[in-house]
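Structure assessment
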Amino acid sequence: MNDYLQKLIQDFKSRDFKHFAAYVYTTLQREIDASKTKKQKDKYILIRKQILRYIVTNQNTVTKELQSKK
């Protein structure tokens, strides 16, 4: 898993997968809203799309990571 996803997992307070997916979406939406240029917005939209695709595809792995975090 990439570093950005690991940071999101560590910053997330709960262990529920569905809440984590919503957390990822809203966190990256804040980044998109705060971006000033279209290039930056497109970058964060792409990152959000890729991360959400990854966590849905690898739900079991992400759930295990959420369950095993301290």
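Summarised in this report is the structure supplied together with it. (Residues numbered from 1 in each chain as written. Predicted model: local features only at pLDDT ≥ 70, side-chain atom pairs only at ≥ 80, totals over all residues. Heavy atoms only, no water.)

Some remarks on the overall build of the chain
- In terms of regular secondary structure, the chain is built from four helices and zero strands.
- Across the chain, helices and strands are ordered from the amino to the carboxyl terminus as α-α-α-α.
- The C-alpha atoms of the chain give a radius of gyration of 12 Å, which matches the 11 Å a tight globule of 70 residues would have.
- Oriented by its inertia axes, the alpha-carbon framework of the chain measures out at about 40 × 20 × 20 Å.
- Every one of the 70 residues in the chain was classed for burial, and the buried ones make up 26%.
- Partitioning the intrachain contacts of the chain with sequence separation of at least 6 by distance along the chain shows that 61% fall at a separation of at least 24. (Helix = DSSP H or I, 4+ residues; strand = E, 2+ residues; numbered from the N terminus. Rg over C-alpha atoms; globule rule 2.2 N^0.38 Å. Buried < 20%, exposed > 50% of the residue type's maximum accessible area, 1.4 Å probe, protein only. Contact = heavy atoms within 4.5 Å.)

Thoughts on the pattern of salt bridges
- Taken as a whole and judged by the stated rule, the model has two salt bridges.
- Between Lys7 and Asp11 there is a salt bridge, and its shortest N-O distance comes to 3.0 Å. Taken together, the residues span about one helical turn, with Lys7 and Asp11 both in helix H1 (residues 3–11) at a distance of four residues.
- Taking the relative accessible area as the measure of exposure, Lys7 reaches 53% and is therefore exposed.
- Of the charged contacts in the structure, one is a salt bridge between Lys38 and Asp42, with a shortest N-O distance of 3.4 Å. (Salt bridge = Lys/Arg side-chain N within 4 Å of Asp/Glu carboxyl O.)

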